[in-house]
Structures are given as C-alpha cells and as structure tokens.
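Residues per chain are reported as follows:
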Number of protein chains: 2
Amino acid sequence: MQRRDFVHVAGLGVLALAAPAVSTGRGRHQGRQLRVTGARVNRHLAELSRFGRNPQGGVSRVAFSQADLDGRDFAMGLMRTAGLDVAVDPVGNILGRRAGTARDAPPLIIGSHIDSVPEGGNYDGDVGSMAAIEVAYTLQEARQTLRHPLWVAIWADEEGGLTGSRGFVGALTPEDVARPERDGVPLGEKLRRIGGDPERLADAAHRPGSAAAYVELHIEQGAVLDAAGLDIGIVEGIVSILQYDVTVTGFANHAGTTPMNRRKNALLTAAEIAQAVDRIVKSEPGRQVGTVGQLVVRPNAPNVVPGEVQLTVELRDLDLAKIDGLWERIRRVIEGLASGYETPVTVAPRLRLVGAQSERAIRDVIRRAVRALGLSGMDMPSGAGHDAQYLAQICPMGMIFVPSAGGISHSPKEFTRPDHVEHGANVLLQTVLALDQR
Amino acid sequence: MQRRDFVHVAGLGVLALAAPAVSTGRGRHQGRQLRVTGARVNRHLAELSRFGRNPQGGVSRVAFSQADLDGRDFAMGLMRTAGLDVAVDPVGNILGRRAGTARDAPPLIIGSHIDSVPEGGNYDGDVGSMAAIEVAYTLQEARQTLRHPLWVAIWADEEGGLTGSRGFVGALTPEDVARPERDGVPLGEKLRRIGGDPERLADAAHRPGSAAAYVELHIEQGAVLDAAGLDIGIVEGIVSILQYDVTVTGFANHAGTTPMNRRKNALLTAAEIAQAVDRIVKSEPGRQVGTVGQLVVRPNAPNVVPGEVQLTVELRDLDLAKIDGLWERIRRVIEGLASGYETPVTVAPRLRLVGAQSERAIRDVIRRAVRALGLSGMDMPSGAGHDAQYLAQICPMGMIFVPSAGGISHSPKEFTRPDHVEHGANVLLQTVLALDQR
C-alpha cells in the first residue's frame, strides 16, 4: 500500500497533492499539520549552552573534553525523554532509535553534532542536534508512527574532522585511530573516553543502501540568507575543498644594509600570490571561493628582509573540476612570479576533500515543506564541510540551512534567531514525514 | 709645535705630504710605516669566537649572558697585555686607556662591541673590537707615543639598543635603566652583572667636546663592498631610521561560507601596502631603503578570511627629511587602500632614530690611509645603526667598513676574509696616527 502510494505520486514528487489515506498510525494529513514546539527546542538550545560556556559568551565544547561529555549526557537524557532507544556506537556517535512500522525498511537518519571549536558559538551543530531531537519529541507526542525507523544521530567530533560520520560510513581506518594527533593522543584513545571502541571500527560502519536518507539541519555559517532576508537554505551540496601549501624562498638580509636592488624579498612574491588567488577566483562567474588565510613570514623582524613566506591557498566549489582548473591558473601565475622575483616557490597539496551533492528529490521535498509552512527559501551550496558529506556515501542526502546573523560563525557572536530555529525544525519535521512516504 | 704643524697642513688635510719631524716619541714618518700584525688580530678574533659558540657555527653572545661575561674577561686580558689601563664604567663599557704626551689633550677613542644577536656570527662588532686592541698592541710594540690619550672602548650591549654608547654620551636616563625590559628585568640590574652601576649614570656621561674623535672599524653587514670587489668602505654617516606599526582591520569570516563579494580581507590590503612601500621607496633616486619585514595575520587559519594584519614599515636613509617625505607618500596610499577595501587601517610611530654624519675631515684621513696602504675603497652610508652614532654627539666621528662576504650578517654564515680584517686594522691604525696630529 505504502509503496503503491509512492509509485502513484512519483511523477509529482513524494508529496501528493491529493493524498490518499495511509494505513499505519496517524495519517499523512495530520502529519502535514504537525508542528514542533518552538519554545522547547529553543529552551533545549539554551540549556545545552551551559556545557563549556565561556565567560565572554559562547562555548568551548571541544570533542572529548569534559564539556563535550557533559553535553552528550544532556543530549542522551533528552533523547530518552523523547522515547528514543539510545546507544553509543564504536566511533562515539550517539544514536537514538525509534522503530518504524514497515518490515525491513532502512532507517531515516537526522542529526548533527554538539562539539564546538575552541571559543565557538551556541548554534553551529547545536541547532540541528536539538531540532532532530525535537522532531522525535513531536512525533512521540502526536503518536505519529513512521514506516521507516527514525534514527537521531549526534555525530562525534565533527569539528575535529567529521570523525563520527566518517566512522559511520566505514571511512575511518585502524591507522586513523592509532596515529597520535597534534596533542600527541591517538584518536582511538579519545574515542574510548566518549564510550567508543576503536577495536570495533567495522561494527560502526554502514554499507551503501543501508539507510533511506540522511537529512541535517544546520546554521548557514555565512551571510547569504541573512542578507537576502530569507528563512531557509535548500542545500544543493557540500563543496569540494582544495588546499595547497605554498613556500616562497627569498633571502633574509639586514634591511638597513641591503640595497633595494639586491633583495630577494619573499613577502613581495607572497603578496602577489594572495592577490592572484583573489583575482583569478573572481574572474569566473559562479559561487566558488578562494582564500589565502594563513601566511607566516620568517624571520619576521622589522629590520630583516623577509627570507621565507609560507602560505595556504584554499579553493572551494560544488564543482571539483572547476576549482582544479582555477588552481591550475593560480599555479601558472605562481611559477611566473617565482622567476620574476628570483624567489623560488614550492607548492604541495595539503587537502583534497571531495564534496557531495544533495539528492534532487530531497531538495524538492524540502522546497515544498518550506512553501507549505509559508516560509521563504533559496537553493544554495554549503561552503562548509558537514557530516552530511560522509552520509552521502551510503544514502540520499539533504541539508536544510537556517540564517546566521551577520554570517558570523565559529565565534561567541554566532546567532540564529529563535523563530528561525523553530522554522528550521518544522522544515526538518515535514521533510522527515514526506520522505517516510517514499 | 704640534699645533703649528697641524695648522700648517690644514689646507691639505691632516696628513702632510712633506711631514716635519715631530717632537715626541717616534716620528710621524715611522708611524706611516707602522703595520698591525695580521696573524695576531685574526687569532684573537678566532679565540674570541669560543665564548658563546653554537654547535651549528657562529655565537650567541647576547649582552649580559655568561658568554658575554667570558668574552669581556678575554678582551680585558688582551687590553692589559697591550699596555692599556682597563676599567669598566658605570654603564658597563670596558675602557682601556693609554696616556698621551700633550697636556690636557682630549682622548682619541676607538672601539666597537663584542656582544652578539642570538645565533649571530663572529665578525659583527668583534672585528672592530679586536682591531682596536690590535692598534694598542702595535703602538706599544713600536713604542709609538701619541699626543692624545688613546681609549679603546668595548661598548656594552650594542645589540640591545646601543646601551653603553648611549650611556657614555649621557643619553641613558634613570627611567631607561629602571624600566623592566622584555625579559622582565630592568636594564640597571643587568648592568650590575657586567660591573656597571646604574646609580652612577652621570659619572658615565661625557660632554660634547670631551673627546678628540671617535673612529670605529666594523664589518659592512651588506654586500656592496663584496659585490664591487673593494677593500674598505669610508662611511659617510649612519642612516636615520623610521619605523611604523600598521594595523589593517578586516573581518574574520569562514572562508567556505563567505562569498567573495562579502569579504573584508585584511591580507589583500596588507599585500598592497607591502608593494606600495617597495614601489615608492624605489621611485626616487638614491640609496634609501624601505621594508615590510614583519607581518602577522589573524586568526591565520587556512579556512578563515584574514580578519586583521599587523605589519611594520621601516625606512632608512642618511637624509631624515627624505624618508619623512617617503613615509608621507606611503601614508597617503595606505589611506586610499583602507577606503577601497573597507578595511580600516591605523598607523602608529614605532621608532624614530636620528642618524649621524661622519666628519668630512675624518673621511679624508681614512681615504688617504686607504690610498697609502695600496687598498681600494669607496664612500658609502651605513644602513645599520652603530655605537658611533651616539659618539657623534660628543666628538667628530668616522667609521671604516670592511667587506661582509655575500652581505650576510646576524647569521652564523657571517664572514670577513682575514686579509680584510688586517687591512681594516691597518686603516684604523693609520687613521689614529693621522688624527693624533691635528
């Protein structure tokens, strides 16, 4: 029956305009009227902000810290109250499960993360996590059954490199967890602190096809929605990221005794590289971005001609081929500069993160939910990385953005309006209900 | 008699072509034949290099360190052997005195320093110090008396800010020695370690007119002589130095989520400032130099648009008015950039060091000594600061440069050829003998 309904309305997407009655639990009609409790999800967000709170505002809830452990306990308590069956998987993800009515249906997964960067804010990850739990609360209160199991996930150590979601799709290797990290401690040891078990990585891994869909609500972390005055971003995909390390070698000489025409000034070359990245990235239409964000001068003294500059070039776009092409243009300019200034330049790849497209059908579902809720929205890429990009390796993926005031993120000043949090949670709820029908 | 000789030859400078006999000690004719012992001065230089030697070469003989104390003991031992009467003055300068024959004649002062920068070389300061002592050795062995007293000075803490020479001319204040330095220790406390007495600053100070002349031999620390294949630089003066702190304020945003047209990238503004300094300094004829040597990006992460850049601008020239004018041009460009990029820029003075001219007559004396010794030379400015610039406040000043191989200084790779050390010491000796006649 369910399947037949789905087939029937496939041509119009998954939300039929004239919807037939459904056979299990409460009906789809009632589902469309379901709304989250805005005050509750915002209260949970405020309560979560206690864990790792900084005197100057915001939180430092770095993964595996005591604040993270406390925040995870808080979230697990909420999940249980929302009727979810809570467990921690071997890579530290908190999974709250709710049964579905259809036999053998794969789970619908929603969630986000609650770890933060040092001196971060109260919205990045937290909004999506509390909203996913709020969906469970709302379904429980309405006694709304779903055909699919619903899993609410709090992914472990998102800010440290999408650790939990990586493990969930089987992309975390024994080497990854054995290798000491920058603080000297192997990831595996840290996973144990949050209830994980690095010996059982295989048990955490999920095969492609093992989930029906993954949908994540997140703050935009950019200023596009805020500036446009829109409520919701329908995420087209998560950008690919290229990073290169560039080293310019000049010669560090006394700035008082070295005539201008005898200098090999690495900083002048580096300045042109920073400008070239900006110019070349802007020279093509599109939403690609390019940044020289890190630049270190040696020996970095007022009276010494810069002898070496190390800098990073980062490029991001949904289209990996496009940023590969932009890098090629930047690389050629760098080569020309190196010979012009007598300052050899070396280039080394630093990061190559292949992004992920969201599923067109899920975008359609989100778009309809936005419209049905009387909200405004737009399609947009996610310039930041998210757990969703790993989940896309095992199932169709979608993401919902809510506005970040002023585009500020990874800062105590991070802010998303309470009504936007509520709207986002309602779009997530309606998306889940609609996806449950396919 | 002496004075009459001097008057007689004044029109030709102080070295008369047909020299009359002199009345005291050995004659001027013999003086002109006097030569230092090149092997000895180079041996002393090698022996001095033991104190503070680094495994990778060069020395760290930072002022007031044990290495500095040991080096000072070594130098005082040499001075005594050379017949000098050695004492440490209240600001830590080592002064080795030799009596003159003329009643009430003010001293001729020669010298340099033996403290080094951290990981410095074996020539900066050391060459001039060992050569000044070698002059005393040579005069003693030849039983050559001088009309003027001769003072050989090892100035204290040159690299830390010309401390000893500053105190010698009365420019070191009680506040200067009381204020804790970067390491938290007041200068006064450090002066005690080397035998000084910060309570007696006034006793260290010398009035204008209290010395006949000051002459310092030093390595060039630049590549001009080396590149030109010349033996001696006749220093026209020590440059004035202007330093400014420049702060560019952008906005630190996520480099993935902030579109190119919404950025306030402080690094792009800073890049243009670095280029403008280079361009404007090169746009006028002359030997002025300008450098952005220090540049710090915040938060300095590959994935964050630079929110703030702090950088230094340094300008040097013999002509202070010229670099004041260059700074004015740079400042105007900076103002224009600030508004163009929406990145406010603030500018604050950091250092204004007024340089010093050497005396024309002393330059003539040095030039004749160079010629008489069969050496080659050229007039040039000193781009680096030296104790001589303070000494110029109390007496006529001259400086003699010897080549630095490759222009390298403040580095273990610093090198001056032994024959150049010997030539420089001979020029110093002949300059002293000639100045003694005026």
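This text follows the structure it describes.
Notes on the structure in this doc start here.

Topic: the overall build of chain A
When helices and strands are counted, chain A shows 15 helices and 14 strands. What you see for chain A is a C-alpha radius of gyration of 24 Å, in line with the 22 Å of a compact globule of 438 residues. Counting only C-alpha atoms, chain A reaches 85 × 45 × 40 Å along its principal axes. Here chain A holds 438 residues, and 60% of them are scored as buried.

Re helix H4 (residues 66–81) of chain A
Residue and element names in this part refer to chain A. For H4, with 16 residues, the first-to-last C-alpha span of 23 Å sits near the 22 Å given by 1.5 Å per residue. All of the buried residues along H4 are Ala67, Asp68, Gly71, Arg72, Phe74, Ala75, Met76, Leu78 and Met79. Looking at the buried positions of H4, the neighbouring elements they touch are helix H3 (38–48), strand S1 (85–88), strand S2 (94–98), helix H5 (126–141) and strand S4 (150–154). Backbone geometry just downstream of H4 places Gly83 in the positive-phi region, at approximately 85°.

Considering the nonpolar core
General note: in soluble globular proteins, nonpolar side chains tend to be found buried as a group. In terms of nonpolar packing, the biggest core is built from 64 residues, with A:Leu295 and B:Leu295 touching the most fellow members. When near neighbours in sequence (up to four residues on either side) are disregarded, B:Leu295 contacts A:Leu267, A:Leu295, A:Val297, A:Asn300, B:Leu267, B:Ala270, B:Val309, B:Gln310 and B:Leu311.

A word on the interface of chain A and chain B
Each partner contributes to the interface: chain A provides 52 residues, whereas chain B provides 52 residues. Carbon and sulfur atoms make up 60% of the surface buried where chain A meets chain B, a total of about 4200 Å² over both sides. Our count for the contact surface shared by chain A and chain B stands at 0 salt bridges. Of all the secondary structure elements, the ones that give two or more residues to the side of chain A that touches chain B are helix H10 (224–228), helix H11 (266–282), strand S8 (289–291), strand S9 (295–298) and strand S10 (308–317) of chain A. Across the side of chain A that touches chain B, the residue classes tally to 24 nonpolar, 19 polar and 9 charged.

What to know about the environment of A:Val246
Residues and elements named next belong to chain A. Looking at the secondary structure, you find Val246 in strand S7 (residues 240–249). Residue classification places Val246 among the buried residues on the basis of a relative accessible area of 1%. With 84 residues separating them in the primary sequence, Val246 and Ile330 have C-alpha atoms 11 Å apart. Sequence-distant contacts of Val246, defined by excluding residues within four places in its chain, comprise Ile273, Val309, Gln310, Leu311, Val313, Trp327, Ile334, Val345, Thr346 and Val347.

Some words on the pairing of strand S9 (residues 295–298) of chain B
All names here are of chain B. Burial of S9 is one-sided: the residues Leu295 and Val297 facing one way are buried, the residues Val296 and Arg298 facing the other way are not. Pairing analysis gives 4 bridges linking S9 to strand S10 (residues 308–317), with the strands arranged antiparallel. The residue bridging Leu295 from the neighbouring strand is Leu311, located in S10.

Examining the relation of the copies chain A and chain B
Each copy superposes on the other: chain A lies on chain B with an RMSD of 0.1 Å after a rotation of 180° and an axial shift of 0.0 Å. In short, the pair behaves as if placed about a two-fold rotation axis. Relative to the rotation axis, the closest C-alpha in chain A is found at A:Ala271, a distance of 2.3 Å. Both copies share a contact surface, since 100% of the interface residues of chain A are interface residues in chain B too.

Considerations on helix H11 (residues 266–282) of chain B
Residue and element names in this part refer to chain B. Between its first and last C-alpha atoms H11 spans 25 Å; for 17 residues at 1.5 Å apiece the expected length is 24 Å, and the two agree. Buried residues dominate H11, accounting for 14 of its 17 residues. The N-cap residue of H11 is Asn265: its side-chain oxygen and the backbone nitrogen of Leu267 are 2.9 Å apart.

Some words on unusual backbone geometry
All names here are of chain A. In this structure, Pro299 follows Arg298 across a cis peptide bond, with omega equal to 0°. Relative to the assigned elements, Pro299 resides in the loop between S9 and S10. A positive phi is found at His410, a non-glycine position, where the angle reads about 55°. Relative to the assigned elements, His410 resides in the loop between strand S14 (397–402) and helix H15 (418–435).

Describing the side chain of B:Ser240
All names here are of chain B. By the element assignment, Ser240 lies in strand S7 (residues 240–249). Accessibility expressed as a relative area gives 3% for Ser240, which makes it buried. A polar atom in the side chain of Ser240 sits 2.8 Å from the backbone nitrogen of Gly355. Beyond its immediate stretch of four places on either side in the chain, Ser240 contacts Leu315, Arg316, Asp317, Leu318, Leu320, Ile323, Leu353, Val354 and Gly355.

Some thoughts on the pattern of salt bridges
Residue and element names in this part refer to chain A. Per the stated rule, a full pass over the model turns up 52 salt bridges over all chains. Across the pair Arg331 and Glu335 runs a salt bridge whose closest N-O atoms are separated by 2.3 Å. With Arg331 and Glu335 both in helix H12 (residues 320–340), this residue pair falls 4 residues apart, about one helical turn. A cluster of three or more residues bridged by salt bridges with shared partners is formed by Arg192, Asp197, Glu199, Arg200 and Asp203.

Some words on the packing of aromatic side chains
Aromatic ring pairs: the centre-centre distance and the angle between the two ring planes describe each pair. Residues and elements named next belong to chain A. Tallying each qualifying case throughout the model produces 12 aromatic pairs over all chains. The interplanar angle of 80° and the centroid separation of 5.7 Å between the aromatic rings of Tyr123 and Phe415 together place this pair among those described as edge-to-face. Here Tyr123, found in the loop between strand S3 (108–112) and H5, pairs with Phe415, found in the loop between S14 and H15; they are 292 residues apart in sequence, far enough to count as distant. For Tyr123, a relative accessible area of 14% puts it in the buried group.

Points about the pairing of strand S3 (residues 108–112) of chain B
All names here are of chain B. A large share of S3 lies buried, amounting to 5 of its 5 residues. Taking every second residue as pointing to the same face, both faces of S3 are buried, with Leu108, Ile110 and Ser112 on one and Ile109 and Gly111 on the other. Of the pairings in the sheet, the one linking S3 to strand S4 (residues 150–154) comprises 5 bridges and is parallel in character. Residue pairing for S4: Ile110 is matched across the bridge by Val152. Taken together, S3, helix H5 (residues 126–141) and S4 form a β-α-β motif whose crossover is right-handed.

Digging into the packing of H5(A) against H15(A)
Residues and elements named next belong to chain A. The contact between H5 and H15 brings their axes to 9 Å, and the two run at 55°. The angle between H5 and H15 falls in the class oblique. The handedness of the crossing between H5 and H15 is right-handed. Along the contact surface, H5 presents Val127, Ala131, Ala132, Val135, Thr138 and Leu139, while H15 presents Val421, Ala425, Leu428, Leu429 and Leu433. Looking at side-chain class alone, the contact of H5 with H15 contains 10 nonpolar, 1 polar and no charged residues.

Here we look at the packing of helix H13 (residues 360–372) of chain B against helix H15 (residues 418–435) of chain B
All names here are of chain B. Close contact between H13 and H15 brings their axes to 9 Å; oriented N to C, the two are set at 125°. The angle between H13 and H15 falls in the class oblique. For the element pair H13 and H15, the recorded crossing hand is right-handed. Counting all contacts with H13, which are made through Ile362, Val365, Ile366, Ala369 and Val370, the residues of H15 involved are Val427, Gln430, Thr431, Ala434 and Leu435. Its residues placed into classes, the contact of H13 with H15 shows 8 nonpolar, 2 polar and no charged.

What counts, and where the lines are drawn
Residues numbered from 1 in each chain as written. Chains lettered and ligands numbered in written order. Predicted model: local features only at pLDDT ≥ 70, side-chain atom pairs only at ≥ 80, totals over all residues. Heavy atoms only, no water. Helix = DSSP H or I, 4+ residues; strand = E, 2+ residues; numbered from the N terminus. Rg over C-alpha atoms; globule rule 2.2 N^0.38 Å. Buried < 20%, exposed > 50% of the residue type's maximum accessible area, 1.4 Å probe, protein only. Expected span 1.5 Å × (residues − 1). Contact = heavy atoms within 4.5 Å. Core = buried A, V, L, I, M, F, W, Y, C linked by side-chain atoms within 4.5 Å. Buried area = accessible area lost by both parts, 1.4 Å probe. Salt bridge = Lys/Arg side-chain N within 4 Å of Asp/Glu carboxyl O. Nonpolar A, V, L, I, M, F, W, Y, C, P; charged D, E, K, R; others polar. Pairing = 2+ DSSP bridges. Least-squares fit on C-alpha atoms with pLDDT ≥ 70 in both. Polar contact = N/O pair within 3.5 Å; in protein donor to acceptor, adjacent residues only side chain to side chain. Phe/Tyr/Trp six-rings, centres within 6.5 Å; stacked < 30°, edge-to-face > 60°. Right-handed = clockwise from strand over helix to strand, strands pointing away. Axes fitted to C-alpha atoms, helices over the stretch in contact; angles between N-to-C directions. Parallel < 35°, antiparallel > 145°, perpendicular 65-115°, else oblique. Left-handed = near helix turned anticlockwise from the far one by under 90°.

This is a description of form; function is not addressed.
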